[in-house]
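If you want the building blocks of each chain, they are given just below.
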Amino acid sequence: MRIAVISDVHGNRLALEAVLDDVALRGVDSTVNLGDMVSGPLEPNWVADILMEADFPTIRGNHERWLIERSSYGLDAVDRFTMTQLEQRHLDWFGRLPATLSVASEIYMCHGTPTDDSEPWLDNWWRGRSTELPDEANVSAKADGLDFPVLLCGHTHLSRAVRLRDGRLIVNPGSVGLQINHGSPDARYAILERKDGRWAVSLRAVPYDHAAAARQAAANGFPHWTEALTTGWAGAEGLF
Amino acid sequence: MRIAVISDVHGNLIALEAVLADIERQGVDAILALGDFVSGPFDPLGTANRFLELDVPGVRGNHDRWVVEGREQDWEVDALVRGNLDGRHRDWLAALPLNRVFAGEVFMCHGTPSADDVFWLDGATPEGDVFHMSRKAIEHEANGFDYPLLLCGHSHIARTLRLADGRLVVNPGSVGLPMALGSPDARYAIVEKHGGAWTVALHALPYDWNAAAAQARELGFENWVEAITTGWSNSRQL
């Protein structure tokens, strides 16, 4: 069984198209989607339509939650832009999405951690935006009681594969559409594969026309997204 | 073109065989090896024999150099490995170049393009904590090596990064000695050229790490068991 994992598309159509093309090329049994699909100054409407239509097993990210819960005054500048682009049907869909989901009794999906869609799991992401792996006790504790061989998370935009002592695999596929803190503008996603009863993972980096994506952001009034989109070296500070 | 990239096997033949089987299953045009082939308390002789048989393009790692040449402060693992190898193996290791170019566009090195014992994409503090190198430092090491794809190993940290001018740098991580990544899985990469651009897949593959740990224990390296079965240890703990 092969499963593609996408997360944190952030409205980036060109990156999503490149990833979905690559997924088609590799061949998978299914694709799952970990949220933060639309919040970006690019093409949120197109991304929402495509992902709604694809009907992948999908959870909401913190940004989908904010889009449906907060008034426009409570939204950051990027989400205010995003809101102007979306249709009611997209918001209705977000309202129906669960915070966590399991697939085929083997794969557990959350956006941040199992209990909090805004909390980083595999990276000390809020301490100076560093990209260090937290210590083992910290990572393991958040997996307590989740009896699935594969646990998926997103949110930090940093791809990682960690395996707990009991054999459970935790994977963050990285971000399809918004690269930060790691020095590459390529779109990221992951493919899980069960081999001889055990899950392996490949963390994938797919080049796409990131300069064109940066031009979209600039044309929509967000030129400060250029550094993140075109180099992957920017921190997340000031992007939203 | 599809190329499998393996590095830092460190004598772990069990991990190497798992990775080679996984590569075989996927089909590639070539396998490239980035050094530190044999230095580990597992099966250095079996690993060296396997590489002589594979005969894949390789570069030397710092430990390959130290196994052949020795050094003032010899590492007990390098000494153990040296005692296990014969002339054929030493000749193979001694003949490995510091760097080389494959198919005109893939540059291979162990540490950085100009040194086999210097970290490139990720560094380690004296305490063994791993950190991502700065953009400036990474770009600097790549100066003058004008190939679309630059491959390196040494840090054992799998990472893919793009330089400002579009050159891609890939570290596949370590096949045989996981460090500081929180996973005991064998790591390797497959790079593939599509429409003129390289995509990267960084693989984490489960294998029988308990069997590898048993080899380390048998050779008296109990302190390697935790590293090999969890992947949470750092270089100072070995």
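Scroll up for the structure.
Here's a quick rundown of the structure. Since the model is a prediction, treat every value here as computed from it, not as a measurement.

We now examine the sheet that holds strand β4 (residues 106–109) of chain B. Residues and elements named next belong to chain B. Pairing is mixed in the open sheet, where five strands are placed in the order β3-β4-β7-β9-β8. At either end of the open sheet lies a strand with only one pairing partner, and these are β3 (99–102) and β8 (159–162). Direction aside, the axes of adjacent strands within the sheet are offset by 20 degrees on average. Sheet topology places β8 next to strand β9 (residues 168–171); four bridges connect them, and they run antiparallel. Considered in β9, the bridge of R162 is made with L168.

What follows is about the nonpolar core. Nonpolar side chains in soluble globular proteins tend to be buried together. V5(A), V5(B) and L151(B) are the most contacted members of the largest nonpolar core, which totals 141 residues. At seven residues, the largest contribution of residues to this core is made by helix α1 (residues 13–26) of chain B.

What follows covers helix α2 (residues 44–54) of chain B. Residue and element names in this part refer to chain B. Those residues of α2 that sit buried are P44, T47, A48 and F51. Projected down its long axis, α2 carries its buried residues within an arc of 100 degrees, all on one side. The inward-facing, buried residues of α2 contact α1, α4 (76–84) and α5 (87–95). At the exit of α2 stands D55, carrying a positive phi of roughly 55 degrees.

All names here are of chain B. Residues V106 and M108 line one face of β4 and the alternating positions F107 and C109 line the opposite face, and both faces are buried. Bridge count for β3 against β4 is four bridges, and the pairing is antiparallel. Residue pairing in the sheet places N99 in a bridge with C109 of β4. Between the end of β3 and the start of β4, which pair antiparallel, lie three residues, with A103 showing a positive phi angle near 55 degrees. With three bridges connecting them, β4 and strand β7 (residues 149–151) associate as parallel partners. From the neighbouring strand, F107 faces β7, where its bridge partner is L150.

To continue, consider the interface of chain A and chain B. Facing 23 residues of chain A, the contacting portion of chain B comprises 22 residues. Listing elements by their share of the side of chain A that touches chain B, those giving two or more residues are α6 (136–141), β6 (160–163) and β9 (198–206) of chain A. Looking at the side of chain A that touches chain B element by element, the count peaks at eight residues for β9(A). Split by residue class, the side of chain A that touches chain B holds twelve nonpolar, four polar and seven charged. In this sheet, strand β11 (residues 197–205) of chain B lies alongside β9(A) in antiparallel orientation, the contact comprising five bridges. Within β11(B), the residue paired with L203(A) across the bridge is L202(B).

With that settled, consider the sheet that holds strand β10 (residues 186–194) of chain B. Taken in spatial order, the eight strands make up an open sheet running β2(A)-β1(A)-β8(A)-β9(A)-β11(B)-β10(B)-β1(B)-β2(B), and their pairing is mixed. Looking at the sheet topology across the chains shown, the edges are occupied by β2 (30–33) of chain A together with β2 (30–33) of chain B. Taking each pair of neighbouring strands and ignoring which way they run, the sheet shows an average axis angle of 25 degrees. In this sheet, β10(B) lies alongside strand β1 (residues 2–6) of chain B in antiparallel orientation, the contact comprising four bridges. Residue pairing in the sheet places A4(B) in a bridge with I190(B) of β10(B).

All names here are of chain A. At N181, a residue that is not glycine, the phi angle is positive and equals roughly 65 degrees. By the secondary structure assignment, N181 is in the loop between β7 (169–172) and β8 (187–195). On the neighbour-count criterion, N181 (19 C-beta atoms within 10 Å) is partly exposed.

All names here are of chain B. Viewed as axis vectors pointing N to C, helix α3 (residues 62–69) and α5 meet at an angle of 130 degrees, and their least axial separation amounts to 9 Å. With respect to their mutual orientation, α3 and α5 come out oblique. Regarding α3 and α5, the two cross each other, and that crossing is left-handed. In this structure, α3 contributes D64, V67 and V68 to the contact, and α5 contributes R90, L93 and A94. Of the residues belonging to the contact of α3 with α5, the class tally is four nonpolar, no polar and two charged.

About the criteria used
- Starting from 1, residues in each chain are numbered consecutively following that chain's sequence as written.
- A letter from A marks each chain and a number from 1 marks each ligand, given out in the order of writing.
- This being a predicted model, a pLDDT of at least 70 is required before a residue's local features are given, and a value of 80 or more before pairs of side-chain atoms are given or counted; all residues contribute to the totals for chains, interfaces and linings.
- Pairing between strands is defined by DSSP: at least two bridges between the two strands are required.
- Here a helix means four or more residues in a row that DSSP labels H or I, a strand means two or more in a row labelled E, and each is numbered from the N terminus.
- To obtain each axis, a line is fitted to C-alpha atoms, and for helices this fit is confined to the stretch in contact; angles are then taken between N-to-C directions over 0 to 180 degrees.
- Remark: nonpolar core denotes a set of buried Ala, Val, Leu, Ile, Met, Phe, Trp, Tyr and Cys residues whose joining runs through C-beta atoms within 7 Å.
- Around each residue's C-beta, the other C-beta atoms within 10 Å are counted; 20 or more make the residue buried, 12 or fewer make it exposed, and counts in between make it partly exposed. All C-beta atoms are placed from the backbone.
- In this description, the arc belongs to the directions extending from the helix axis to the C-beta atoms.
- C-beta atoms are first placed from the backbone for all residues, and any pair lying within 7 Å is then listed as a contact.
- Amino acids outside the nonpolar list (Ala, Val, Leu, Ile, Met, Phe, Trp, Tyr, Cys, Pro) and the charged list (Asp, Glu, Lys, Arg) are all regarded as polar, and Gly is one of them.
- An angle below 35 degrees is treated as roughly parallel, one above 145 as roughly antiparallel, one from 65 to 115 as roughly perpendicular, and anything else as oblique.
- A clockwise turn of the near helix away from the far one marks a right-handed crossing, whereas an anticlockwise turn of less than a right angle marks a left-handed crossing.

In short, geometric facts, not functional conclusions.
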